[in-house]
Each structure stands twice: as structure tokens, then as C-alpha cells.
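Single-letter residue listing:
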Amino acid sequence: MRRKMNRCVAVIIISMLCFSAGCKKAPGDISQNEITKAPETDTVGGEQGMQGSVSGEYEAYTEPSMLQALVQARQLPVIEKRLPKRTDVVTVDGISVGKYGKDVQFAAENADTLTGMLVSEGLFCYADDGTIAPNIAKAYKVNSDFTQYTIYLREGLRWSDGVLFTADDCIFFYEKMCLPETFGESLWKCFTVYDASGRQGKAVFKKLDAYSFEVTFPSAKPEFLGQLLEQGGICFAPEHYHVNLLPEYMGTDAANAKAADMGYASIEEMLRETVVKAWNIPGVPTLNPYCISSEEGTNDVRGNYYEFVRNPYYWKVDIEGKQLPYMDRLGFTRISGESQKMLLTTEGFLSVSLLTAEQVAEAENGAKRGAYRVITWTNSSAFAVKEVLKNFPESCPYEEKTRGVGAAHAECWYVE
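Here's what I pulled together on the structure shown here. Keep in mind that what you see is a predicted model, and the values were worked out from it rather than measured. (Residues numbered from 1 in each chain as written. Predicted model: local features only at pLDDT ≥ 70, side-chain atom pairs only at ≥ 80, totals over all residues. Heavy atoms only, no water.)

What follows is about the pairing of strand β4 (residues 101–108). For β4, the tally of buried residues reaches six of eight residues, placing the bulk of the element in the interior. Of the strand pairs in this sheet, β4 and strand β16 (residues 327–334) are connected by seven bridges, and their pairing is parallel. Counterpart to Ala107 in the pairing with β16 is Thr333. (Buried < 20%, exposed > 50% of the residue type's maximum accessible area, 1.4 Å probe, protein only. Helix = DSSP H or I, 4+ residues; strand = E, 2+ residues; numbered from the N terminus. Pairing = 2+ DSSP bridges.)

A word on the sheet that holds strand β18 (residues 372–378). Working definition: the strands of a sheet are paired by backbone hydrogen bonds and lie parallel or antiparallel to each other. Spatial ordering of the open sheet is given by β17-β19-β18, a layout of three strands whose pairing is antiparallel. Either end of the sheet is taken by a strand with one partner, and the two such strands are β17 (352–356) and β18. Each strand axis lies, on average, 25° off the axis of its neighbour in the sheet, ignoring direction. Bridge count between β18 and strand β19 (residues 381–386): six bridges; the pairing is antiparallel. Its bridge partner being in β19, Tyr372 is matched across the sheet by Lys386. Those strands touched by helix α9 (residues 338–346) are β17, β18 and β19, and its axis lies near 130° from that of β17. (Axes fitted to C-alpha atoms, helices over the stretch in contact; angles between N-to-C directions. Contact = heavy atoms within 4.5 Å.)

Geometrically, the link from Leu324 to Pro325 is a cis peptide bond, its omega value of 0° lying close to zero. Structurally, Pro325 can be placed in the loop between β15 (316–318) and β16. Notably, Arg74 is not glycine yet its phi reads approximately 60°, a positive angle. Relative to the helices and strands, Arg74 resides in the loop between α1 (65–72) and β3 (90–92). What makes Arg74 exposed here is its relative accessible area of 80%.

Our next topic: the packing of aromatic side chains. All chains considered together, the criterion is met by 29 aromatic pairs. An angle of 5° between the planes, with centres 5.1 Å apart, marks the rings of Tyr306 and Phe332 as stacked. Linking Tyr306 in strand β14 (residues 305–310) with Phe332 in strand β16, this pair joins segments that are 26 residues apart in sequence. Each member of the pair, Tyr306 as well as Phe332, is classed as buried. Joined through ring pairs, the aromatic side chains of Tyr149, Phe173, Tyr174, Phe183, Trp188, Phe191, Phe205, Phe213, Phe217 and Phe224 make up one cluster. (Phe/Tyr/Trp six-rings, centres within 6.5 Å; stacked < 30°, edge-to-face > 60°.)

What follows deals with the sheet that holds strand β13 (residues 290–292). An order of β4-β16-β14-β13 is seen for the four strands of this open sheet, with the pairing classed as mixed. Here the strands that pair on one side only, and so sit at the sheet edges, are β4 and β13. Neighbouring strand axes in the sheet, compared pairwise and without regard to direction, differ in orientation by 25° on average.

Attention now moves to empty space enclosed by the protein. Unfilled space is identified by rolling a water-sized probe across the atoms. This model, assessed by the stated rule, comprises two cavities of 30 Å³ or more. The calculated volume of the largest cavity comes to roughly 180 Å³. Lining the largest cavity we find 17 residues, and of these Trp159, Phe236, Val275, Ala278 and Pro285 sit closest to its centre. Tallied by class, residues from the lining of the largest cavity come to eleven nonpolar, five polar and one charged. (1 Å grid on protein atoms, 1.4 Å probe; cavity = no way out; pocket = protein on both sides within 12 Å on 5 of 7 lines; lining within 4 Å. Points joined across faces, edges and corners; volume = space filled by probe spheres on them. Nonpolar A, V, L, I, M, F, W, Y, C, P; charged D, E, K, R; others polar.)

What follows is about the environment of Asn379. Locating Asn379 in the fold gives a position in the loop between β18 and β19. Considering only alpha carbons, one finds Asn379 and Thr356, 23 residues apart in sequence, at a separation of 9.2 Å.

Once that is clear, we can look at the pattern of salt bridges. Overall, the coordinates contain 16 salt bridges when judged by the stated rule. A salt bridge links Asp88 to Lys138, with the nearest nitrogen and oxygen atoms 3.3 Å apart. One end of the pair, Asp88, is in the loop between α1 and β3; the other, Lys138, is in strand β7 (residues 137–142), and 50 residues separate them in sequence. When sorted by exposure, Asp88 lands in the same class as Lys138, which is buried. A salt bridge links Glu338 to Lys341; the nearest nitrogen and oxygen atoms lie 2.9 Å apart. (Salt bridge = Lys/Arg side-chain N within 4 Å of Asp/Glu carboxyl O.)

Structure (C-alpha cells):
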């Protein structure tokens, strides 16, 4: 599968929705039983109608020295055993082939959803023309009256701890977390539908096999995928992790004790944070390109400095077979206000800095000293981007233009 440049670089402080280039028709454009189906050929992610396909032009996968060292120390399986099967690996093109590097630096007053904007992956994503494309899911089909969606997952894709990601994780998320509202939120609107008389119905999930499942509604739901993307495309949770948090499995007293041990006031808060902001919580398995650091001193998003470290099981490569992301770490410095951020920007400490319209003139005056360029994004925002940082988009992507939220990821950035 291929994705274009706008999908592969990050938009900061905006949202956790993802987008990618070129591919799937919007749900409203899908004819009866049309499916983005993988052809019977030995290609890498060659699903028709998705994000293109690219043949296996490389003979082998490659990985950064950081992961090579772990493999040699027998602390990590070889790369072939960490990626999905070859036809289900996502091959990113439309970007400059990068080189591996150490870190990219940011500044933020608080983590909250900021880091999710950079790293979060959903089942689906937005293409640069606004249509909806598969992402973690490799394909889907919709029936003629938009009451049933069949979703196909990537075989062999693994969580960041090496456990296989399967349809069970999607069924578990919906049936054990969403329907009973265990994480303190009412059932998301993407999972509900109203008939002509105004009666509410709920989605029913059905597992077909390890890598496919159905979502069925009692009435037409053509907006399902779009509404799911409003929730970041989240339709899964690591079952093997969350069974150790849910009262249904461990009992209420044990779950309350676990919440207190993790620093939360309630079970609902613990579950909400480990689902909708899971990227910020150490130890929560992820499908994202980066995981919060496990090292003391860099593993707390409430601290003065924290880091996100590459996920060794990340399921995307470039056209030369290099496993993404290119950079080992994303570093975040906590700041007390905008003036501090501007000082770090103009002194050249930050790799990328989000600017308000009022800050653009000051940033442009300091661009030579800080060795960065200023990119106008919208009427109200811009970015200061280090000259050595490559594969950052030079224009505002679809999701930012139409919804006021950002969309791309940092997995394709590299430093020249």
C-alpha cells in the first residue's frame, strides 16, 4: 500500500485524526458489495482502490541500529518476525527516502492530545482529497443499504509488545468497553443509528475470523466511517492488557486498587486515559509508530521533559524496505508559555514549532539565526520548521483545511 507525503508528516497541536493519500472511495460512493480487495499477487499492501500498490522492489527489510542492537542481544525478534505478512505491510511512497536519525524536538505546555496528533493511528484515515481510506484495516466493504460493514485487518500486525493484533481486539473494545460505557463516556455516535421514527439502534459486532469482522446496524448508517474518524478511527483496544484493568475480569476492588496505583481517582478515569489517550500512558501496547519511553526521567508526560521512542513492531516501510519511523525519538520540553516557546524557536532548539498569526513576523526575523523556515498553514497558524528536517508538508493537508484539525504523522520525518 502506498501513501503520499501529506500522510507521513506531523501536524502539531491540532487533532489525532490521521489521513493519507490517494485511494478509497468515500462510503457514499461505494456500490453494492464493492470491496477494496487484495489481488492474488505477491505485492506489498497491494489492495485495489486503497492507496495504490507497490511491488516488492527491495530484497529485504532494513532497520535502524537501535533495533539491530536489540536483535543481536536477543531482546527482540528479527524484523521479518515483527512485521505483518509481506502483502499486508504498508509501503509508503511519495516522500523522499530518508535516513535513520536520533531525535526531533518539540515544546508544549501540556501533553494532553498533542502527542496523539503526532503518532495516533486509526483503523481508517483521510486521503488528501477527503475520501476515507483503510489504514490499520487493509480493506472494507459495505452492503447496498449501508447497514453492514465488513472490515479486514492486516495479517500478522502486532502490538508494540509483540502480541498479535486481531479482530478479537476490536470486538473486545466495543462489547466490553464501549457498550457498557466502562471508561465513563456514553456510546459514541458512530456506533448508534436512528430509524425513520427516531428510535435509536446500536451496532452489533460479529467476528468472522482472526482478521475480519462485521459491524451491522438496524438502519442505514452511511456516515459510520466518517463518524468513527471523528473519534480518531479508534475501534480497538489491546484485550490482553485491558483484561487486567476491567472490573469484569479482575473484580471491582482489584480494579479500584489498580486505578489508585496508577494515580487515577476512579476506574473510569483509568480506562478513559488508557483508551482515548493511551499513547501518553507507559506500558499500554500501541499500534502507533512511537511509544512513550519506559526510562525513568523521560516517561512521564507531566514532567519537564519526556520522550516517545520508536515502536519496533511498526508496520510501515519506505520504498527501499526501511522500517519506519526514521527517527529514534520525539522529545518534548514542557514550557510555561508562548514567550518561552518563541525563545526556543528563534534560538534553533526546536525542530518544529507551531506559530500563531501574531508570531509569524517575529519568527521570520529570527529564521536565519534559528536555521528554520516559516511555512504558512492557515489564516491563523504557521510552522517554524528546521531546514534540516525533511518530509514536512509545505502546504496545509485536507484534514486541516476542512475540519480545522491536523492529521499527519511524524514517522516519515528525517534529519539531513
